[in-house]
Amino acid sequence: PSLHLPRRMADEAPFQILHNEVIQYIYTSAENGETENGRNITKLENMGFRVGQGLIERLTKDTARFKDELDIMKFICKDFWTCVFKKQIDNLRTNHQGIYVLQDNKFRLLGQLSAGKQYLDQAPKYLAFTCGLVRGALSNLGVKSIVTAEVSIMPACKPLVIHRQVTY
């Protein structure tokens, strides 16, 4: 008999190790002119964007068309987030005008950093890949967006703010 396993990106520990190694690689291999933190964050975000595009293609290939943008965001919070982080987003809020706030109270990629506020300055490099991941997924679903993240207390990632880009 064939076993049907749920779709998963990777087991939790190897994914976290790989994520940490990618961050280390980018920050230690930066050329002299690229030691600026912003460029490294952009590289991580761009890597996440491409992974998000590919992953969402695989996750939605057998999925019915989404009704609206809110339906897409619910899919991101439940199915997509579960595939990557083994749990759903804890809270989704919207102003129904293109701004969505996703909250993950135990964001796994910040778990290795000490709880509290002493490592908050390190948080952006651990969030950049995920911001790109979500932006890439949304892009392939037809939602152009700006995705930012904020951390006030570890390991909570709150909020992951998604602004729909309006083009005229």
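A brief structural summary. (Residues numbered from 1 in each chain as written. Predicted model: local features only at pLDDT ≥ 70, side-chain atom pairs only at ≥ 80, totals over all residues. Heavy atoms only, no water.)

1. Brief notes about the side chain of Lys87
Its place among the elements puts Lys87 in the loop between α3 (69-85) and β1 (91-94). With relative accessibility at 17%, the residue Lys87 sits in the buried group. (Helix = DSSP H or I, 4+ residues; strand = E, 2+ residues; numbered from the N terminus. Buried < 20%, exposed > 50% of the residue type's maximum accessible area, 1.4 Å probe, protein only.)

2. Here we look at the nonpolar core
With 37 residues, the main nonpolar core has Ile76, Phe80, Leu102, Val134, Leu138 and Ile162 as its most contacted residues. When contributions to this core are tallied by element, the ones reaching two or more residues are α1 (12-28), α2 (37-60), α3, β2 (99-104) and α4 (123-140). When sequence neighbours within four positions are dropped, the list of residues in contact with Ile162 reads Met73, Gly98, Ile99, Tyr100, Leu102, Val134, Leu138, Ser145, Ile146 and Val147. (Core = buried A, V, L, I, M, F, W, Y, C linked by side-chain atoms within 4.5 Å. Contact = heavy atoms within 4.5 Å.)

3. Some remarks on the packing of aromatic side chains
Each pair of aromatic rings is reported with the distance of its centres and the angle of its planes. Considering all chains together, one arrives at 4 aromatic pairs under this definition. For the ring pair Trp81 and Phe107, a centre distance of 6.1 Å and an interplane angle of 35 degrees mean the geometry is tilted. In this pair, Trp81 sits in helix α3 while Phe107 sits in the loop between β2 and α4, placing the two residues 26 residues apart along the sequence. The burial state of Trp81 is the same as that of Phe107; both residues are buried. (Phe/Tyr/Trp six-rings, centres within 6.5 Å; stacked < 30°, edge-to-face > 60°.)

4. Re the pattern of salt bridges
Tallied over the entire structure, the rule returns 3 salt bridges. Among the salt bridges present, the one from Asp90 reaches Lys87, with a minimum N-O distance of 3.1 Å. With relative accessibility at 40%, the residue Asp90 sits in the partly exposed group. Residues Lys87 and Asp104 are paired through a salt bridge, measuring 2.8 Å at the closest nitrogen-oxygen approach. Here Lys87 is found in the loop between α3 and β1, whereas its partner Asp104 is found in strand β2, with 17 residues between them in sequence. Residue Asp104 is classed as buried on the basis of its relative accessible area of 1%. (Salt bridge = Lys/Arg side-chain N within 4 Å of Asp/Glu carboxyl O.)

5. Things to note about the side chain of Thr60
Tracing the chain through its elements places Thr60 in helix α2. Those residues in contact with Thr60 that sit more than four places away from it in its chain are Phe66, Phe75 and Leu141.

6. Some points on unusual backbone geometry
The phi torsion at Lys86 lies on the positive side, around 65 degrees, for a residue other than glycine. Taking relative accessible area as the criterion, Lys86 reaches 27% and is therefore assigned partly exposed. Backbone geometry places His96, a non-glycine residue, at a positive phi of 60 degrees. A relative accessible area of 64% places His96 in the exposed class.

7. Observations concerning α4
Compared with the 26 Å implied by 1.5 Å per residue over 18 residues, the 27 Å span of α4 between its first and last C-alpha is a close match. Most of α4 sits out of view: 14 of its 18 residues are buried. (Expected span 1.5 Å × (residues − 1).)

8. A short note on the packing of α3 against α4
Packing of α3 against α4 leaves a shortest axis separation of 11 Å and a crossing angle of 130 degrees. The angle between α3 and α4 falls in the class oblique. The interaxial crossing formed by α3 with α4 has right-handed handedness. Residues Ile72, Met73, Ile76, Phe80, Trp81, Val84 and Phe85 of α3 lie in contact with α4, whose contacting residues are Thr130, Leu133, Val134, Ala137 and Leu138. Residue composition of the contact of α3 with α4, grouped by class: 11 nonpolar, 1 polar and no charged. (Axes fitted to C-alpha atoms, helices over the stretch in contact; angles between N-to-C directions. Parallel < 35°, antiparallel > 145°, perpendicular 65-115°, else oblique. Left-handed = near helix turned anticlockwise from the far one by under 90°. Nonpolar A, V, L, I, M, F, W, Y, C, P; charged D, E, K, R; others polar.)

9. Section: the environment of Tyr119
By the secondary structure assignment, Tyr119 is in the loop between β2 and α4. Given a relative accessible area of 38%, Tyr119 falls into the partly exposed group.

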